Amino acid sequence: MPQAENPPTKILAQPLAIGLGAALLFGYAVVTVHAIYEKQHRTSIERVNAAYAVGDTTYFPKQFDTAKPLVNFDGHSLFYVDHTSQLDSAMVRVGADDSGVYGIYKLSTAKEDASIVYLKVAPNDFIKATRK
């Protein structure tokens, strides 16, 4: 028996299907290129401004001489007053010492003397200091 030749059937919407597939592929390529670009430039796009002591891992040394100034802040020496335990989320960052190493904090909930500041020595653990 001779083989019956089946002519290829033509899809009525073949050009539309090819165009739609090409458009979807192009769109996927654009999204992928944009995602790669954003990931490479993430540090310039995203900025974190930590206003609280939460996440600050630069700790002031626990061993220090209480008679000597701890650090300088805004041109003034800070001296030891007391050791206190406070939640990191209750401490608002007001700046850094003059060397730029240690964060200087104030208690956000209390109405204390303006010269009272805090240095972080561990999570939820601070040194109370004052300007003299």
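Refer to the preceding data block for the structure.
Scoring rules and cut-offs
- Residues numbered from 1 in each chain as written.
- Predicted model: local features only at pLDDT ≥ 70, side-chain atom pairs only at ≥ 80, totals over all residues.
- Heavy atoms only, no water.
- Buried < 20%, exposed > 50% of the residue type's maximum accessible area, 1.4 Å probe, protein only.
- Helix = DSSP H or I, 4+ residues; strand = E, 2+ residues; numbered from the N terminus.
- Core = buried A, V, L, I, M, F, W, Y, C linked by side-chain atoms within 4.5 Å.
- Contact = heavy atoms within 4.5 Å.
- Pairing = 2+ DSSP bridges.
- Axes fitted to C-alpha atoms, helices over the stretch in contact; angles between N-to-C directions.

K.L.:
A description of unusual backbone geometry should follow, citing residues and the corresponding values.
P.N.:
Despite not being glycine, D74 shows a phi value in the positive range, around 55°. The exposed category is assigned to D74, whose relative accessible area is 52%. Despite not being glycine, N124 has its phi angle at roughly 60°, a positive value. Mapped onto the secondary structure, N124 falls in the loop between β5 (116–122) and β6 (125–131).

K.L.:
Could you give an account of the nonpolar core, with specific residues and numbers?
P.N.:
Note that soluble globular proteins tend to have their nonpolar side chains buried in a common cluster. If you look at the biggest cluster of nonpolar residues, it comprises 12 residues: F60, L70, V71, F73, L78, Y102, I104, V117, L119, V121, I127 and A129. Contributing elements (two or more residues each) for this core: β1 (71–73), β5 and β6. A total of three residues in this core trace back to one element, the largest contributor, which is β5. Here L119 is in contact with F60, L70, V71, Y102, G103, I104, D125, F126 and I127, once residues within four sequence places are set aside. Counting residues in each nonpolar core, the second largest holds eight residues, with A53, Y105, L107 and Y118 among its members.

K.L.:
Any details on the pairing of strand β2 (residues 76–84)? Residues and values, ideally.
P.N.:
As paired strands, β1 and β2 are joined by three bridges and run antiparallel to one another. Its bridge partner lying in β2, V71 is registered against L78. Between the end of β1 and the start of β2, which pair antiparallel, lie two residues, with D74 showing a positive phi angle near 55°. Judged from the six bridges that link them, β2 and β6 form a sheet pairing that is antiparallel. By the bridge assignment for β6, D82 is matched with K128.

K.L.:
Kindly report on the sheet that holds strand β4 (residues 103–107), identifying the contributing residues and their values.
P.N.:
The six strands lie next to each other as β1-β2-β6-β5-β4-β3, forming an open sheet whose pairing is antiparallel. With partners counted over all chains shown, the strands left at the sheet margins are β1 and β3 (91–96), one partner each. Geometrically, the sheet is characterised by an average inter-axis angle of 45° between neighbouring strands, direction not taken into account.

That's the geometry; what it means functionally is another story.
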